[in-house]
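# Coordinate analysis (summary)
Now for the letters of each chain:
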Amino acid sequence: MKKKTFSQNTTVVLWNTARLAAYLLAIFLTPLLAKPIGMLFDPVVSDWWQHGDLRVFYTEMATAFLWLGEIIGFYFLDKHLQKKFKVQMDPVKQQEVKEQSKTTETQASPQSARSEREQEAAATAAEPTKADGGNSVQKSASTAKAKTQLLGWDRMIPIFLICVACVLIISAQIGFQVKVFYELGERVVLIEIVNFSGTAGRDIAKCGWIVLLIKAAFGIFEGIFKEVPAKPKAKRAYVYLCVTALILLFGVYDVLSTQNPFAWTYLLFYVAFVALYALVNGAPVKSYLLILFIYFF
């Protein structure tokens, strides 16, 4: 019986669909698991609080730490499965490509190493000659720079404008106060501050999930529309619209589950999150920091 194999495009779609499903299960089920964990700390009392006063803090912090552990676990599991099934879902860094090519060449060659003459000849051939004026080195350097190049102004300006617009919109709604102080209120007590810090910890971890969800959504829809007979610009537009719609669905769950008083504003933020992820070329750390900035400020 023939072993069923999938095309590379189908594999990408299925892999990212599995990622998305696993992420959503972790996001939905972990807070339910954190509730009994938070209740275990109810007997912890002091002169400042009584039995159960800090249940929100313990529950939210348990959620945050569980989410963080799950994100790390999914990362290593994903890497292990890609290596096991010999698939490559994400772009590989240039240095990793060089190392993999060297390993492949070493394994494929029947000889253990080149002779010194062959190495010298290869080195001589690689050196720039007087005739080309060092163009080969310049080309290799420009290629390396192109792959490690910082974002240009055509992307930096939209990123800046999106972040400023999001901050101004929420600031106008709260009377241009500092968002953290507004959420705490004027006459705040120690218990409220501690509980608020737990909620902030949960939101810090949640921003990581938002990045992973956007990444998986792009992987799904880029694979789906890759073979669709349409112009490249139209394909990109379809991908962005579908990703935005999917992330908005998660945004609806988020604002409803947290009873966010600025629900419509935060739904607009989720649209901005997708745009920011695309503008930074899918860089996870940059996306996370920008999303975290908007979420808290």
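Throughout, residues of each chain are indexed from 1 in the direction in which the sequence is written. In keeping with the model being predicted, local features are shown solely for residues with a pLDDT of at least 70 and side-chain atom pairs are shown and tallied solely at 80 or more, while totals for entire chains, interfaces and linings include all residues. As a rule here, side-chain values come from all non-hydrogen atoms in the structure, and water together with hydrogens is ignored.

## Side note on the layout of surface pockets
Any empty space left between atoms is shown by rolling a water-sized probe over those atoms. Filter applied, for reference: A 1.4 Å probe that fits into a set of points on a 1 Å grid over the protein atoms alone but cannot get out defines a cavity; an open set with protein on both sides within 12 Å along at least five of seven lines defines a pocket, and lining residues are those with an atom within 4 Å of a point. Grid points are joined across faces, edges and corners, and a volume is the space filled by probe spheres set on the points. For this classification, the nonpolar set comprises Ala, Val, Leu, Ile, Met, Phe, Trp, Tyr, Cys and Pro, the charged set comprises Asp, Glu, Lys and Arg, and every other residue, Gly included, is treated as polar.
Approximately 860 Å³ is the volume attributed to the second largest pocket. Surrounding the second largest pocket, 32 residues form its lining, Glu60, Thr199, Arg202, Asp203 and Thr258 being those nearest its centre. Among the residues making up the lining of the second largest pocket, the classes are represented as 16 nonpolar, eight polar and eight charged.

## What to know about the pattern of salt bridges
The cut-off we apply is this: Salt bridges, as used here, are contacts in which a Lys or Arg side-chain nitrogen is within 4 Å of a carboxyl oxygen on Asp or Glu. Here a helix means four or more residues in a row that DSSP labels H or I, a strand means two or more in a row labelled E, and each is numbered from the N terminus. Three exposure classes are used, based on accessible area relative to the maximum for each residue type with a 1.4 Å probe and protein chains only: buried under 20%, partly exposed in between, and exposed over 50%.
With the rule as written, the count across this model stands at six salt bridges. Here Asp42 makes a salt bridge to Arg55, at a shortest N to O gap of 2.5 Å. Taken together, the positions of Asp42 in the loop between helix 1 (8-39) and helix 2 (55-85) and Arg55 in helix 2 put the pair 13 residues apart, joining distant regions of the chain. According to the relative accessible area criterion, Arg55 is partly exposed, its value standing at 35%. The partner of Asp203 in a salt bridge is Lys206, with the nearest N and O atoms 3.4 Å apart. Remark: Lys206 and Asp203 occur in helix 8 (residues 190-226); sequence separation between them is three residues, near one turn of the helix. Taken as a pair, Asp203 and Lys206 share a single burial class, namely buried. Linked through salt bridges whose partners overlap, the residues forming this network are Glu60, Arg202, Asp203, Lys206 and Asp254.

## A closer look at the packing of aromatic side chains
The condition is simple: We call Phe, Tyr and Trp rings a pair once their centres come within 6.5 Å, taking the six-membered ring for Trp, and we label the pair stacked below 30 degrees between planes, edge-to-face above 60, and tilted otherwise.
Per the counting criterion, the structure on display carries 17 aromatic pairs. Residues Tyr23 and Trp209 carry aromatic rings whose centres are separated by 5.7 Å and whose planes lie at 50° to one another, so their mutual orientation is tilted. Here Trp209 lies in helix 8 and Tyr23 lies in helix 1, a separation of 186 residues in the sequence. Across this residue pair, the class does not change: Tyr23 and Trp209 are buried. An angle of 40° between the planes, with centres 6.0 Å apart, marks the rings of Phe250 and Tyr253 as tilted. One end of the pair, Phe250, and the other, Tyr253, are both in helix 9 (residues 232-257), three residues apart, so they sit about a helical turn from each other. When its relative accessible area of 31% is taken as the criterion, Tyr253 is described as partly exposed. The rings of Phe28, Phe250, Tyr253, Tyr270 and Phe273 are connected pair by pair, giving a single aromatic cluster.

## Looking at the packing of helix 2 against helix 8
Let me state the cut-off plainly: Fitted lines through C-alpha atoms give the axes, limited to the stretch in contact for helices. The angle between two N-to-C directions lies from 0 to 180 degrees. Angles are sorted into four bins: roughly parallel if under 35 degrees, roughly antiparallel if over 145, roughly perpendicular if 65 to 115, and oblique for all others. Take the far helix as your reference; a near helix turned counterclockwise from it by less than a right angle gives a left-handed crossing, and one turned clockwise gives a right-handed crossing. When checking whether two residues touch, look at their non-hydrogen atoms; a contact exists if any pair is within 4.5 Å.
Across the interface, helix 2 lies against helix 8 with an axial gap of 7 Å and an inter-helix angle of 25°. Of the possible angle classes, the one that applies to helix 2 and helix 8 is roughly parallel. Here helix 2 runs over helix 8; the crossing is left-handed. Across the interface between the two elements, Val56, Phe57, Glu60, Met61, Thr63, Ala64, Trp67, Glu70, Ile71 and Phe74 of helix 2 pack against Val194, Asn195, Ser197, Gly198, Thr199, Gly201, Arg202, Ala205, Lys206, Gly208, Trp209 and Leu212 of helix 8. Broken down by class, the residue content of the contact of helix 2 with helix 8 amounts to eleven nonpolar, seven polar and four charged.

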